[in-house]
Amino acid sequence: MSITPILQFGTSRFLQAHADLFISEALASGSAMGPITVVQSSGNAERARRLAALADPQGYTVRIEGLVDGVAVRQESRVTSVKRALSTEKDWEEIKRIFVEEVEVVLSNTGDQGYLASPADQALSYDQNMSFPAKLALLLHARFAARRGGLQVMPTELIAENGSVLREHVLRAARRYSSEFADWVSTQVLFVNSLVDRIVSEPIEPAGAVAEPYALWAIENVPGLRVPCSHTCVQIVEDLGPTERRKLYILNLGHTYLVAQWLRSGRHQEFVKDMLSDPVIRGDLEDLYREEVLPVFLAGCDSDAVPYVSTTLDRFSNPFLAHKLSDIAQNHELKLERRLRAFVDWGKALEVDLAQPRLLQR
């Protein structure tokens, strides 16, 4: 059995075509920390086939489809970085053993609701209904009790300062165990902020995905940082803030705005590319970026937002991707708050006049 220094919470098609793909390619050249154990934390029985397929020694397929400088790109890769795939519902003791004995870096992508507190979080023993931060705190406590050293946690959820946010959630849970354990988490566990950017439009069953050529994993530099792999799509940045805001408040904001229009009007379009092919809808989105979004970025002294808007419109128009609006619409109300409302609040903080922003018209 392989030793897996990377433990990943989340089986999403996004991670399959992002971090897992990068680590697989880096392993082939000896430029990765090591292989991955993937953990499904939701307990969804329907995903059992996906778990088995993720750890298939033959790997799973990721198809990259899109335009690069106007030239069509269509290529296929086999991802073989996942060596184990486990479920918290059935394999908790084995997950705990791996966490204590093998793990150096924890990755996570637990969805928009993964950090939401649960009544089960009050327990000091395992409960499948615990939130992700509570499960992570329980695993860290097992490592603490075994007198093992600390490790690094790298969330990839689309939350501003995701590492800092997860750290606060885990520390809150750790204090329920003991002050000594909370001190250990505070000093021995490194929580890293990171930002992931790639449109992954559809799954390949039972495991695999279709994604665009564009990809970025921006990781904020901190003392003691360990990068899971060396890859052209992985960038170490001193300040993640500008990259994070461009992703959340241009690409993700644009997606959520389009979904809001789609839901309100009852339009028949199924995919993002269909919305962008309508000159009225595209014009409305371009106006929104020009009149409401870019003035805030420019007030924040981020001129790189201008070309990022242009790139985003091209990515939305990718003729090869079947990116379903219904997929983006999941957890829509939460996304409205994190993307549209949060952006308007940022604009007000920069004293940009957004008296009646279209962003908040529903």
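Whatever comes next refers back to the structure up there.
A quick note: this is a predicted structure, and the numbers were derived from the prediction, not measured.

What follows covers the overall build of the protein chain. Along the backbone of the protein chain there are 13 helices and 13 strands. In terms of overall dimensions, the protein chain has a C-alpha envelope of 60 × 45 × 35 Å along the principal axes. Relative to its full complement of 362 residues, the protein chain shows a buried share of 55%. At a minimum sequence separation of 6, the contacts of the protein chain that also span at least 24 residues come to 73%. Counting only carbon and sulfur atoms, one obtains 48% of the accessible surface of the protein chain, whose full area is about 15,700 Å². Across the protein chain, the mean location of the 39 positive side-chain charges is 4 Å away from that of the 47 negative side-chain charges.

Now for the environment of Glu 205. Within the fold, Glu 205 resides in the loop between strand S10 (200-203) and strand S11 (208-211). A relative accessible area of 56% places Glu 205 in the exposed class. Sequence separation of Glu 205 and Ala 53 is 152 residues, and the distance between their C-alpha atoms is 8.8 Å.

This brings us to the nonpolar core. Core analysis: the biggest nonpolar cluster contains 40 residues, and Leu 285, Phe 316 and Phe 343 have the highest contact counts within it. Those elements giving two or more residues to this core turn out to be helix H8 (241-265), helix H9 (272-277), helix H10 (279-299), helix H11 (305-316), helix H12 (325-328) and helix H13 (332-349). Looking at this core, the element that brings in the most residues is H8, giving nine residues. Apart from the residues within four sequence positions on either side, Phe 343 is in contact with Tyr 249, Leu 253, Glu 292, Val 293, Val 296, Phe 297, Leu 354 and Leu 359.

About the cut-offs
Residues numbered from 1 in each chain as written. Predicted model: local features only at pLDDT ≥ 70, side-chain atom pairs only at ≥ 80, totals over all residues. Heavy atoms only, no water. Helix = DSSP H or I, 4+ residues; strand = E, 2+ residues; numbered from the N terminus. Buried < 20%, exposed > 50% of the residue type's maximum accessible area, 1.4 Å probe, protein only. Contact = heavy atoms within 4.5 Å. Areas by Shrake-Rupley, 256 points an atom, 1.4 Å probe, with all protein chains shown as cover. Lys, Arg positive; Asp, Glu negative; His and termini not counted. Charge placed at Lys NZ, Arg CZ, Asp CG, Glu CD. Core = buried A, V, L, I, M, F, W, Y, C linked by side-chain atoms within 4.5 Å.

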